[in-house]
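Inside the fold
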Amino acid sequence: MKKEFLARFLVILFILIAVAIPFAGQWLFSRNKTDIIELHARMPENGGWSIDQIDAEVNEPIHLRMTSDDVVHGIAIGKSDLPGVDIFPGEFVETTFVFDRPGQYTFYCTRWCGPNHWRMRGTIDVSGEGRPLQPEPQPLFVTLDIDIDSPPIAETVPTEQVSAERGANFASLLPTYAIDRTTYLSTSPAVLWMRLRAESALSNLSDQDIWDAVAWIWQGQTTPANLENGQRLYAENCAACHGETGKGDGVMARNNPVWDPGNHNMDKSSDSFTGEGFVRPRDFSDPKNLLGTSSALLEGKIIRGGMGTGMPYWGPIFTSQQIEDLISYLFTFAWDATSEANLD
Amino acid sequence: MVRMDLTRYPWALSILRNRWPQFLLRAVTLAGFIFTILAGLFGSTVGSHNFAIIFVWIAWWTALKLIFIPFGGRSWCSICPIPMPGEWLQNGGILIPRGKGFGLNKRWPKALRGSWLQAGGFLLIGLFGALTLTSASVTAFVLLFIIVLAFVLSLVFERRSFCNYLCPIGGFTGLYAQAGPVEVRVKDAEVCASHAEKTCYNACPWGQYPLALKSSANCGLCMECLRVCPSDNIVVNLRPWGSDLGPKTKHRLDEAFLGLVMLASALVDSAVFLGPWGELKSAAYSIGSTPWFIFAGVFLFAAFVILPGFYVGAVLLSIQLDSTRITLRQSLAKYSQVLVPLGLMAWIAFTISFAFAKFSYVLPVISDPLGWGWNLIGYSNTAWVGQSTSLSLLLQIVILAAGLFWSSRVAFRISETPRVALPMIAFCGIFSYTMLWLLIG
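Remember, predicted model here, so these are calculated numbers, not experimental data. (Residues numbered from 1 in each chain as written. Chains lettered and ligands numbered in written order. Predicted model: local features only at pLDDT ≥ 70, side-chain atom pairs only at ≥ 80, totals over all residues.)

Overview of the overall build of chain B
What chain B contains, in helices and strands, is 21 helices and three strands. Against the compact-globule benchmark of 22 Å for 441 residues, chain B has a radius of gyration of 22 Å, which places it among compact chains. With respect to the principal axes defined by its C-alpha atoms, chain B has extents near 65 × 55 × 40 Å. Looking at chain B residue by residue over its 441 residues, the buried ones come to 49%. (Helix = DSSP H or I, 4+ residues; strand = E, 2+ residues; numbered from the N terminus. Rg over C-alpha atoms; globule rule 2.2 N^0.38 Å. Buried ≥ 20, exposed ≤ 12 C-beta atoms within 10 Å, placed from the backbone.)

In structure tokens:
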């Protein structure tokens, strides 16, 4: 009978050990990690970030211990130079963020984890002493009262390949307003072309000459370094929907219906998760689209997103400079071959 | 045929007869089973980092098919934790033979006997396999359900009714244990004949009478008969592989069905898990959706119509060629033996392909069983995604060829003339070729 009791004791002991391992282990491993925040990354369909709001103090480090519960994700802080971190499924990675200015920061997923990838966002509220983050100035599209939900179509587009190089030859003939930055920001290439076409001083120039001049003006508003930055941002954040070549055929959006202004209805909410109501982005490589669009409109679209189209809002993520670089890069789709020369 | 009686070696006999070695293994597997359920419920949702997925579907499932069955028949059943809590309660103790314990001790309904339900259970595993095999929590719920079911049934029905009639793995293991190299038999039939008490039958949790054992399919190698026989008349033999397969053993119709279900499952699992068809994978995974119903329909059609159709066709042809009088039903049952080596080798070939690729996950999940970022033995994050090497491809071809050769040999042995065996051999050839195509492409 003694043996029987020993056997029963062993069964219970082994089972207790089996039950104790997870619980004791969790206690042991978390004992010295009280100041560490465990953050699980999940596709929005699976619940998104396990914590989407973090409170912190200025100059006090936020230690994050992160893992992914499904696919590869990444984390970065919007409008910040803090390096991003990749988060692999089932593996743990630790990182520390320190903020020296109070304000609200946005953390977001940096990997295309699924169609709702961009919804993986959370906020870090940093309080304490220090110069607070400056609120963004009102974007130009608001000041100019541009309706960014109905982007105009260019009435005229170049019939031949434009060349900023050739356009440089007419630089001296151009009126001052044409090369003014305000004009670049608030006017579409097509509108500027029409204004220049109406200038009597330019009546000797052909239509194509004026297009070349406009291309030259647009080129003058950016630098190769900015364009390169814009291209990188585009590849990382936009290409999944807008497509590598800007045609709107990115892998996440190529099966959506083509955008039709007639169907656009602000009141009809699209189903964010199923993507119902989402449209295929407009084709940037069709000059009719971008040449009719001003920088201010594109900026508004990027900051605010496209209501009901599936286009995310990037206001809390990109700095003004990043948005400017992106817009410069977007116009190269329209200028087509000219852009290749610029990038080289 | 040559047999090696292990009980002739005193050390082997004492290991087999003593209840402690087996008990300790059972206690460890039971604790491991409970730990697996906990890991599945509370551990990482990432399958490759969860003990439940890796240990159940990679380590154990592989070990069962590559080690336990080919080298020990139903040896896994002798240490399986699932029936233990119920059996201990039935026996009224851990280290004592069957006797006065707890439970209603009812007989299993006659209509539900045989391996029909086991075959059905195995089909269910296949239908929901893509989800069960990848979701740790589903795995945990399945394990929990099985152990609770086994426990409840043991309180109502006598002996190991769950193992005998319901456990899908029991069906799988029992079928292929006929080809395994271990058997429990009586030493001298005369001794048993003159013994009126049948202590061995009374002690057998499986309801077997060792004197009548012709096949190892339903013997769980628990060694209870060895322990209680007053005349030391029980032996444990190592025997040539496939000893239960031949003209002298009796077989039932449900064995043919079980064998065909296993073949269909091997084909479907190979197509789903190893095939290049992404849509098939997602169909098998998205349970309840239209593509899944199509997948399930095709699977069941293969298991209930296509494979049985070919099998019945082959058996009918054999009957045509046979000069002796034998009914279709008898023939269908008799030829089920051919399906045993054929299926066993197909499952081994299937297992090799994923075992080679996935076994590297085993050490990391011991190091971090719940996927919580532990590093107990320093092997976390060391998994590499394995490749199907040319060696494993070659092995698969050899094993499938061996399966075809072996099943053909069985077909010849149980047929009147070689000519009669030809339709069954053709059936085996078509199956092996399909399997080869799915595995190697």
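So that's the structure; there's more coming.
Looking at the overall build of chain A
Secondary structure summary: chain A contains eleven helices and eight strands in total. The C-alpha atoms of chain A give 27 Å as radius of gyration, which overshoots the globular expectation for 344 residues (20 Å, by more than 25%). Dimensions of chain A, computed from the C-alpha atoms along their principal axes, are close to 115 × 45 × 40 Å. Evaluated residue by residue, chain A yields a buried proportion of 36% over its 344 residues. In chain A, of all internal contacts separated by at least 6 residues, the share reaching a separation of at least 24 is 72%. (Contact = placed C-beta atoms within 7 Å.)

Some details on helix α18 (residues 336–358) of chain B
Look at α18(B): 33 Å from first C-alpha to last across 23 residues, which is about the 33 Å you get at 1.5 Å a residue. Counted residue by residue, α18(B) has 20 buried out of 23 residues, so it is predominantly covered. (Expected span 1.5 Å × (residues − 1).)

Details of the sheet that holds strand β5 (residues 85–87) of chain A
Residue and element names in this part refer to chain A. Across the sheet, five strands lie side by side as β2-β8-β7-β4-β5; this open sheet has mixed pairing. Each edge of the open sheet is held by one strand with a lone partner, namely β2 (53–57) and β5. Put simply, the sheet's adjacent strands are angled 25° from each other on average, direction ignored. Of the pairings in the sheet, the one linking β2 to strand β8 (residues 121–127) comprises five bridges and is parallel in character. Within β8, the residue paired with E57 across the bridge is S127. (Pairing = 2+ DSSP bridges. Axes fitted to C-alpha atoms, helices over the stretch in contact; angles between N-to-C directions.)

Observations regarding the sheet that holds strand β3 (residues 62–68) of chain A
Residue and element names in this part refer to chain A. The sheet built from three strands is open, its strands ordered β1-β3-β6 with mixed pairing. The open sheet has two free edges, formed respectively by β1 (36–41) and β6 (93–97), since each of these has just one partner strand. When strand polarity is set aside, the average angle formed by the axes of neighbouring strands in this sheet is 30°. One ladder, built from five bridges, connects β3 with β6; its direction is antiparallel. By the bridge assignment for β6, H63 is matched with T96.

Points about the nonpolar core
Judged by nonpolar contacts, the single largest core of 135 residues is most densely connected at B:L260, B:V261, B:L263, B:A346 and B:A349. Looking at which element gives the most residues to this core, the answer is α18(B), with 14 residues. Summarising the domain contributions, this core has at least three residues from each of domain 1 (19–172) and domain 2 (260–440) of chain B. In this view, B:A349 contacts B:Q396, B:I399, B:L400, B:M435 and B:L439; residues no more than four positions away in its chain are not counted. Counting residues in hydrophobic clusters, the runner-up holds 66 residues, among them A:M66, A:Y105, A:L298 and A:I302. (Core = buried A, V, L, I, M, F, W, Y, C linked by C-beta atoms within 7 Å. Domains from an automatic or database assignment.)

A short note on the domain arrangement of chain B
Residue and element names in this part refer to chain B. Domain parsing of chain B yields domain 1 (19–172) and domain 2 (260–440). Inter-centroid distance (C-alpha atoms) of domain 1 to domain 2 is 22 Å. Contacts between the two partners involve 27 residues from domain 1, matched on the other side by 28 residues from domain 2. Only α2 (19–42), α3 (51–72), α6 (116–127) and α7 (129–132) provide two or more residues apiece to the side of domain 1 that touches domain 2. When residues in the side of domain 1 that touches domain 2 are grouped by element, the largest group, nine residues, is from α3. Grouping the constituent residues of the side of domain 1 that touches domain 2 by class yields 18 nonpolar, eight polar and one charged. (Nonpolar A, V, L, I, M, F, W, Y, C, P; charged D, E, K, R; others polar.)

Section: the interface of chain B and chain A
Taken together, the 24 residues of chain B in the interface contact 22 residues of chain A. When the residues that make up the side of chain B that touches chain A are grouped by side-chain class, the tally is 15 nonpolar, nine polar and no charged.

Quick notes on the environment of B:V152
Residue and element names in this part refer to chain B. Locating V152 in the fold gives a position in helix α8 (residues 136–156). For V152, a count of 12 C-beta atoms within 10 Å corresponds to the exposed category. Note: C-alpha distance between V152 and G313 (161 residues apart in sequence) is 42 Å.

Focus: the confidence of the model for chain A
In this model, chain A carries an average pLDDT of 87, and 92% of its residues clear a pLDDT of 70 or more. This model gives residues 337–344 of chain A a pLDDT under 50, and the stretch forms twelve contacts once residues within four places in sequence are excluded. (pLDDT = per-residue confidence, 0-100.)

Let's talk about the domain arrangement of chain A
Residues and elements named next belong to chain A. Once the domains are mapped, chain A shows domain 1 (36–127) and domain 2 (136–344). Taking only C-alpha atoms, the centre of domain 1 and the centre of domain 2 are 31 Å apart. For the side of domain 1 that touches domain 2, the per-class residue count stands at four nonpolar, three polar and two charged.

Side note on the packing of helix α9 (residues 295–304) of chain A against helix α10 (residues 320–335) of chain A
Helix packing for two helices is described by the angle between their axes and how far apart those axes are. Residue and element names in this part refer to chain A. The contact between α9 and α10 brings their axes to 10 Å, and the two run at 120°. When the axes of α9 and α10 are compared, the pair comes out oblique. For the element pair α9 and α10, the recorded crossing hand is right-handed. Seen from α9, the contacting residues are S295, L298, E299, I302 and I303; seen from α10, they are I323, L326, I327 and L330. Its residues placed into classes, the contact of α9 with α10 shows seven nonpolar, one polar and one charged. (Parallel < 35°, antiparallel > 145°, perpendicular 65-115°, else oblique. Left-handed = near helix turned anticlockwise from the far one by under 90°.)

A look at the pairing of β3(A)
All names here are of chain A. Taking burial as the measure, the seven residues of β3 include five buried ones, the bulk of the element. Two elements, β1 and β3, share six bridges in a ladder whose sense is parallel. Considered in β3, the bridge of E38 is made with R65.

Describing the environment of B:L64
Residues and elements named next belong to chain B. Tracing the sequence through the fold places L64 in helix α3. Looking at L64, the number of C-beta atoms within 10 Å reads 20, which means it is buried. Sequence separation between L64 and I169 is 105 residues; the distance between their C-alpha atoms is 9.6 Å. Filtering out sequence-adjacent residues up to four positions away, L64 remains in contact with I69 and W76.

Describing unusual backbone geometry
Backbone geometry places B:R159, a non-glycine residue, at a positive phi of 45°. Note on placement: B:R159 falls in the loop between α8 and α9 (161–166).

What to know about the packing of α3(B) against α18(B)
Residue and element names in this part refer to chain B. Put simply, α3 and α18 touch, their axes get as near as 10 Å, and they point 135° apart. With respect to each other, α3 and α18 are oriented oblique. Crossing handedness for the pair α3 and α18: left-handed. Residues I58, T62, K65, L66 and P70 of α3 form the contact with α18, whose participating residues are W347, I348, T351, A355 and K358. Looking at the contact of α3 with α18 residue by residue, the class counts come to six nonpolar, two polar and two charged.

As for the pairing of strand β4 (residues 73–77) of chain A
Residues and elements named next belong to chain A. Of the strand pairs in this sheet, β4 and β5 are connected by three bridges, and their pairing is antiparallel. From the neighbouring strand, H73 faces β5, where its bridge partner is I87. Taken together, the two bridges between β4 and strand β7 (residues 103–108) define a ladder with antiparallel strand orientation. Bridge pairing in β7 places I77 opposite F107.

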